[in-house]
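Architecture and fold: a report
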Amino acid sequence: MNNKLYKLMNWPRIEAVIYSEEDNPHEVLGPKEIGKSVLFQTFCPGAEKVALVIGSKKYDMECVDEEGFFAYLKSGKVPEHYCYEAYFEEDIVSTYQDAYQFQIKMPVEEAQKFHKGIHYTVYEQLGAHPMTVNDVEGTFFAVWAPNAVRVSVVGDFNHWDGRMHPMSRNEESGIFELFIPDVQEGDCYKFEIKAKGDVISLKADPYGFGAQLRPDTASVVRDLSYEWNDEDWINNRLEVQNNHAPVSIYEFYLGSFLRNQDGSYKNYRELAKDVISYVKEMGYTHVELMPVMEHPLDASWGYQVIGYYAPTARYGSAEDLMYFVDMLHQAGIGVIFDWVPAHFPKDGHGLSRFDGTSLYEPFDPNKAHHPHWGTMLFDYGRPEVSNYLIANALYWVEMYHADGIRIDAVSSMLYLDYGRKEGEWTANIYGGNENLEAVEFIKHLNSIMKKRNPGVLMIAEESTAWPKVTGSLEEGGLGFDLKWNMGLMNDYLGYISFDPYFRSYHHNELTFGMLYQYSENFITVFSHDEVVHGKSSMLGKMPGETEDKFANLRLTYAYQMTYPGKKHLFMGQDIGEFEEFDENRQTNWELTSYPAHEGLKTLVKDLNKLYTTYPALYELDAVPEGFEWINCINAQGCMLSYVRKALKPEEFLLVVANFQGNQQTFRVGVPMEGKYKELLNTDHVSYGGKSKTNRKLLRSQEISCDEKENSIDVEMAPLSLKVFSFVPYTAKEKEEIEKAKAIVIAKERTNRAREEFALAKEAYEKANQALRLAEKELEEALKAEKVIENGSKKA
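Parameters at a glance
Residues numbered from 1 in each chain as written. Predicted model: local features only at pLDDT ≥ 70, side-chain atom pairs only at ≥ 80, totals over all residues. Heavy atoms only, no water. Helix = DSSP H or I, 4+ residues; strand = E, 2+ residues; numbered from the N terminus. Rg over C-alpha atoms; globule rule 2.2 N^0.38 Å. Buried < 20%, exposed > 50% of the residue type's maximum accessible area, 1.4 Å probe, protein only. Contact = heavy atoms within 4.5 Å. Salt bridge = Lys/Arg side-chain N within 4 Å of Asp/Glu carboxyl O. Patch = residues over 30% accessible without salt bridge, like charges linked within 9 Å, V, L, I, M, F, W, Y side chains within 5 Å. Areas by Shrake-Rupley, 256 points an atom, 1.4 Å probe, with all protein chains shown as cover. Lys, Arg positive; Asp, Glu negative; His and termini not counted. Charge placed at Lys NZ, Arg CZ, Asp CG, Glu CD. Core = buried A, V, L, I, M, F, W, Y, C linked by side-chain atoms within 4.5 Å. Pairing = 2+ DSSP bridges. Axes fitted to C-alpha atoms, helices over the stretch in contact; angles between N-to-C directions.

Here we come to the overall build of the protein. Regarding its fold elements, the protein presents 18 helices and 37 strands. Here the C-alpha radius of gyration of the protein, 40 Å, is well above what a compact globule of 795 residues would show, namely 28 Å. Dimensions along the principal axes, computed over C-alpha positions, put the protein at roughly 190 × 60 × 45 Å. Buried positions account for 56% of the 795 residues belonging to the protein. The contacts in the protein between residues at least 6 apart in sequence include a share of 70% that link residues at least 24 apart.

Taken as a whole, this structure holds 38 salt bridges when the rule is applied. Lys266 is the partner of Asp274 in a salt bridge, and the nearest nitrogen-oxygen pair spans 2.9 Å. Pair check on accessibility: Asp274 and Lys266 agree, each one buried. When the shortest N-O distance is used, the salt bridge between Asp338 and Arg406 registers 2.6 Å. Taken together, the residues span a long stretch of sequence, with Asp338 in strand E22 (residues 334–339) and Arg406 in strand E25 (residues 404–407) at a distance of 68 residues. According to the relative accessible area criterion, Asp338 is buried, its value standing at 0%. Members of the salt-bridge network, linked through shared partners, are Glu288, Asp338, Arg406, Asp408 and Glu461.

Time to look at a negative patch on the surface. A cluster of acidic residues, Glu48, Glu89, Glu90 and Asp91, forms a negative patch on the protein surface. Following the sequence through the fold, Glu89 ends up in the loop between strand E7 (83–88) and strand E8 (92–96). The class of Glu89 is exposed, set by a relative accessible area of 56%.

Before going further, it helps to spend a moment on the nonpolar core. Among the nonpolar cores identified, the biggest contains 191 residues, and Phe324, Phe337, Trp339, Tyr360 and Phe659 are the most heavily contacted of them. The element contributing the most residues to this core is helix H10 (residues 383–398), with 10 residues. Each residue touching Trp339, except ones within four places of it in the same chain, is listed here: Met293, Tyr308, Leu389, Asn392, Ala393, Trp396, Ile405, Arg406, Ile407, Asp408, Phe441 and Leu445.

This brings us to the sheet that holds strand E1 (residues 30–34). Backbone-to-backbone hydrogen bonds pair the strands of a sheet. The strands run either parallel or antiparallel. Taken in spatial order, the 4 strands make up an open sheet running E1-E2-E6-E5, and their pairing is antiparallel. The sheet is open, and its two borders are formed by E1 and strand E5 (62–65), each paired with just one other strand. Strand-to-strand twist of the sheet, defined as the mean angle between neighbouring strand axes without regard to direction, takes the value 30°.

This next bit is on unusual backbone geometry. With an omega dihedral of 10°, the bond running from Arg214 to Pro215 counts as a cis peptide bond. Along the chain, Pro215 falls in the loop between strand E16 (210–211) and strand E17 (219–220). Positive phi, normally seen in glycine, also occurs at Asp198, with a value near 60°. Checked against the element boundaries, Asp198 lands in the loop between strand E14 (188–195) and strand E15 (199–203). One non-glycine residue, Cys638, lies in the positive phi region at around 50°.

Okay, the sheet that holds strand E13 (residues 175–181) next. With antiparallel pairing, the 4 strands of this open sheet are ordered in space as E9-E10-E13-E12. Edge positions in the sheet fall to strand E9 (127–133) and strand E12 (168–170), since each of these pairs with one other strand and no more. Strand-to-strand twist in this sheet, taken as the mean axis angle between neighbours without regard to direction, amounts to 30°.

And the structure:
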């Protein structure tokens, strides 16, 4: 070996490179100016020879270690462009750029924001990003792994050899970084992480924009670029997503909505056309996608996420998903993403013990593991972890134009003892069971989402009585826009499952929800959770024979649509599937060829139209002034009547429901004198029922009922619901009514006068008769007196 070269080399650091323990390889590898010369060093395991190539000249490098470490000292300055040419056995020659000639680092101020938990676009810095540096195309990699001994990028481009591309540690940030020339979009990669104790693991990129299709687990280099055409929708989003606008959500699983004829998944782009067609036909305003983030297990439906920044490859690429959202927006359909920041799976290539320590999960095992789901929990108190999640939610909104984020399992985030027995959980600093760090994380997320993306809906799946879930941050709330109404759903499904004969004993389950309805901004929801794991489909939950099941389900959907709150229904339930949801099959669309199922579908379509057409069903949704019970105490009749109100008083709707299994006629109090038009009857023949449209308007009568001055008689089929609109009397009708009333009053006055005259006449006649009798009696008395007087005189 050249003695001068030998003395210039840092042998301990070279050994660290060779044995994969060097965490700052840029200080060893790459070109180093030494005086008037440049020392080139490269590590190419397995190479028999390596040449330095500058322009058209080649310089054979000296092998200073048989493991494949080569060096060359050349006079002059560092050339603008150079590469290495490596020679292997069997005459294999490989040319590669020197990754260590590029000194690219995450800016200090960016790293500081990340460590404070306020870098809301950190995904632009961490992960894998194709770029061009000094006219050299390649990809910049960066990963946060502060406790790792060494991190390398491995992939198809270096034969998955962790010795080839070790990354340099940023001592201040704990971030490892490396720009690798010639790594292109579509290349697969992972991070090889060496932890203390020489434990080596291969990890997918937490910030990776792409991932392989399962069962493969590598990340994929992606350059996100898409030309959006949904400006009109985005600019108008605040107008169509607020407390005073109708929101009817169709929730579905992409893999089960519609499949190819061979059973394979359709691409996002193909699904866009199918989904738009169905959603527009049915009148839904929004769709909610079950998690589209990459996940290893189909049976998890996306709720055990590995690639939080990668759309699942099951249905195509990132650009394909963007196209899907874009097309739905252009069709006037909002898109809500289901998101899972509550837990993550333990899969070895995921976030669990990412750098050999509890990095993304808490160190305390009582806080790190979820006993119900066998998953790991996030450490929300670590700024970098909360930043990872907050930036991720923003990523789906700002990069994929999601109109809402529905957060799964919020209850499990809020409570430290959720799903745990005594002794299995650790209290907070105040001795309570509230997860204070999770609360702060949620508030931070909702606050920054509103600041950056006004109009985007933040939705909580929260099943407890935690106060002010949708309360404002200023008032101590969590800051969500909407909360799933789990209480109403559970009570109602419990009630409707009873045979109608026994429902009168459970009437409070039907009405209790109104006691807390306005404590939050609710979505009335029948989600996928209710049609899995042996719970049966919505149709299967209904009691009775098939005909009764459909009648009960029609009644259920009409009650949901006329009850306060936004609306949410899961795929397949609007056509009355018999089977539970199954991720291994598509929706049973063939059922719609049967009248009962087609009738149910038609009803849901008409309910959506009714909901989006009549302001009374949404305009005052979030305030108690928008709802009034007419009769909620007729338990024996299993009957409800109520009014939904709009800003204009006369635009109210009257709803009457018969939960009993027999036909009944109810006298129902009404808010205003006038006519009542039947808008919808769930027992109509077009829906699979037996009734026909009652085209005759019901006129109110001045008969006091339900504490109302006016009322109507309503005939109700078994297990049915009717909706009536109010039709005021016209001026002519009012004049006729007033005339009729005047005639009635005059007739009543005449009748009263006749009655009084008759009574007076009768009294007069009786008095005359009594007078005549009295006169006669007087005459007789006088005669008798005279007789007596005459007899006395004779005596």
